[in-house]
Amino acid sequence: LVKFRLKVKDARERGLLESEDIQKDLKQYQENFLTSFLIDKEVVEPEIKELYEKKEYEVRASHILVNLPQQGYSPEDSIKAYQKATDAINKLKDGVAFEEVAAEFSDDMSAKQNGGDLYYFTAGMTVPEFENAIFKMNKGDYTKEPIRTQFGLHIVKLTDKKKRSEGIKASHILIQDKKDSMGVVIDSLGTYETAKQVLARIKNGEDFSKVALEVSEDPGSAQKGGDLGFFDRRRMVQPFDSVAFLLKEGEISDLVRTPFGWHIIKVTEIKPYSPFEKQKDALKNEFKKGPVFKADYTKFLEKSKKEMDFKINEEGLSFLVSKFDSTKPLSGLNMDSLISESERSKVVATFKGGDIKISDVITYLSVNRENSGSLANPETIKKVINGAADTPVLYKIALKDNIENDPEYIAQMTEYENGLLSFKVDQEELWRKIKITQEDMQKYYEANSGKYSFTYSGKVKTRDFEEVKSEISNTLQQEQFTIMEKTYVDNLRAKYPVKVNEAILIEAFKE
């Protein structure tokens, strides 16, 4: 990091930031980054703060599902589904247990066995409509109106809600069930008695990891003293998971029965819920993959285009329509032959402070394939023009909102500049000054021929010089780069003295 910062400092003092290639790169990057930063600030961050607050909790819920597909159903199907959901809600109002109503009405086949139980989950793990309803409910409540999702109609009951951790670290001892050749459990009583004896040893103070190493029948963890590492909720089978996430740090469970046999569990560490700033990037990535982001982004885009008075130019649209064969998909059109260089400057849309030309549409089509399979008719062309306007319009909004002066934006742009400067210094000060001659490569080959030998049919052979010349060149260039870089950085250290604050390092890494 010191080496990187020294190179950047030197580059800035030498004025390399103003070089034509860096300025061109920065301008291109800025337009894309400014718009993505705007979206993060206006669309993503407000949502992820709410997501963070929700994810601090885990909920346990049960549901009754009435099938109703998103598409392809008749009004009669809809009436029938809503009537079935209403009948189920009426039974709940009459005091019938949720588990019984779920077993009778739910189209989720597992409800017959589990009464509709969905076990524990947190925000971001279910569809938005379902999640929004659940996190507003109080423990014990059920929905008095069905919730509509892509899966159908849901009647939901919140059975538990509590603070969650980000995972636990646990160890276990497994006494496996004994099974015959048909997979049928035999001598279950003997297995249980063995497990009880092992538990007694642990309760009497024997070291958990030593006992696990001696008796545990889980091949994956026994050699590690039973250590399973960190895991999240729902990673393990439910009976194991239910007990493990109730234990306190250092606490040991009683015997736990799972399909694998009997377990004794010890929680060795609980990872607390991290502060927002530590989770921010992960939450952003999670949110951007979900359906809510797409809907919010579309709304913001529509609002921005309205604010910037975005309009498609009818004359420009008509010109494009006349150039394209509407019986062919966009991907089947050759833009170079259809549209001349002079025609590419025609305006197809306008907005405050800018316009969209045919050249912008062609550039957009070259990188965005969303509409490439659609027929080149007027509706498709309108969509493409709209798409080509997204980034330019958002860029103008970002400039209007003074995003360029946001401290976080400035910090991230500075880091990008630093990367470009470090790369340019490496190119100009080091790589361009490296000279590798044919003689250098030949000498290296003769001194290191053993590196290029191989055995074939029992005989040792050596690859020809011509065959390995490029490899040798790369090796010698890297060696020279390392030597030259050390000299260069040593000179920079002399010019800009570096002091490492040992006290801060010791404090930071004391654990």
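Coordinates for the structure precede this section.
Enquirer: So what exactly am I meant to see when it comes to the side chain of Asp296 here?
Expert: With respect to the helices, strands and loops of the structure, Asp296 is situated in helix α11 (residues 291-307). Within the buried set, Asp296 has no salt-bridge partner at all; the shortest N-O distance to an opposite charge, 4.6 Å, is to Lys299. Beyond its immediate stretch of four places on either side in the chain, Asp296 contacts Val43, Glu47 and Phe287.

Enquirer: Mind showing me how you'd approach empty space enclosed by the protein here?
Expert: In this approach the atoms are scanned with a rolling probe the size of a water molecule, which exposes any empty space left behind. Scanning the model with the defined rule gives one cavity of 30 Å³ or more in all. Counted as a void, the largest cavity has a volume near 30 Å³. Contributing to the lining of the largest cavity are Phe324, Leu330, Val361, Leu365, Ile381 and Val384. Of all the secondary-structure elements, those providing two or more residues to the lining of the largest cavity are α14 (358-367) and α15 (378-400). Each residue belonging to the lining of the largest cavity can be placed in one class, and the counts come to six nonpolar, no polar and no charged.

Enquirer: Looking at this structure, I do not really get α11. What am I missing?
Expert: One full turn of an α-helix is made of 3.6 residues, so residues set three or four places apart face in the same direction. Spanning 17 residues, α11 covers 25 Å between terminal C-alpha atoms, matching the ideal 24 Å at 1.5 Å per step. Residues of α11 that are buried in the fold lie against α2 (20-55), α10 (276-288) and α15. Immediately downstream of α11, the backbone of Asp309 shows phi near 55°, a positive value.

Enquirer: Can you help me understand the side chain of Ser216 in this one?
Expert: Topologically, Ser216 is positioned in the loop between α8 (208-215) and β8 (227-231). On the basis of relative accessibility, which here comes to 11%, the residue Ser216 falls in the buried class. Polar side-chain contacts of Ser216 include one of 3.2 Å to the backbone nitrogen of Leu174. A polar contact is formed between the side chain of Ser216 and the backbone nitrogen of Asp218, at a distance of 3.4 Å. Leaving out residues up to four positions away in the same chain, Ser216 has contacts with His172, Ile173, Leu174, Val211 and Ala222.

Enquirer: Please explain the nonpolar core as it appears in this structure.
Expert: Across soluble globular proteins, nonpolar side chains have a tendency to be buried as a group. Ile134, Leu320, Phe324, Ile356, Val361 and Ile385 are the most contacted members of the largest nonpolar core, which has 79 residues in total. Here this core takes twelve residues from α2, the largest share from any one element. With residues near it in sequence (within four places) discarded, Phe324 still touches Leu330, Leu333, Met335, Leu338, Ile339, Ala376 and Ile381. Ala88, Ile89, Val101 and Ala111 belong to the second largest nonpolar core, which has 16 residues in total.

Reading the values: rules and limits
Residues numbered from 1 in each chain as written. Predicted model: local features only at pLDDT ≥ 70, side-chain atom pairs only at ≥ 80, totals over all residues. Heavy atoms only, no water. Helix = DSSP H or I, 4+ residues; strand = E, 2+ residues; numbered from the N terminus. Buried < 20%, exposed > 50% of the residue type's maximum accessible area, 1.4 Å probe, protein only. Lys, Arg positive; Asp, Glu negative; His and termini not counted. Salt bridge = Lys/Arg side-chain N within 4 Å of Asp/Glu carboxyl O. Contact = heavy atoms within 4.5 Å. 1 Å grid on protein atoms, 1.4 Å probe; cavity = no way out; pocket = protein on both sides within 12 Å on 5 of 7 lines; lining within 4 Å. Points joined across faces, edges and corners; volume = space filled by probe spheres on them. Nonpolar A, V, L, I, M, F, W, Y, C, P; charged D, E, K, R; others polar. Expected span 1.5 Å × (residues − 1). Polar contact = N/O pair within 3.5 Å; in protein donor to acceptor, adjacent residues only side chain to side chain. Core = buried A, V, L, I, M, F, W, Y, C linked by side-chain atoms within 4.5 Å.

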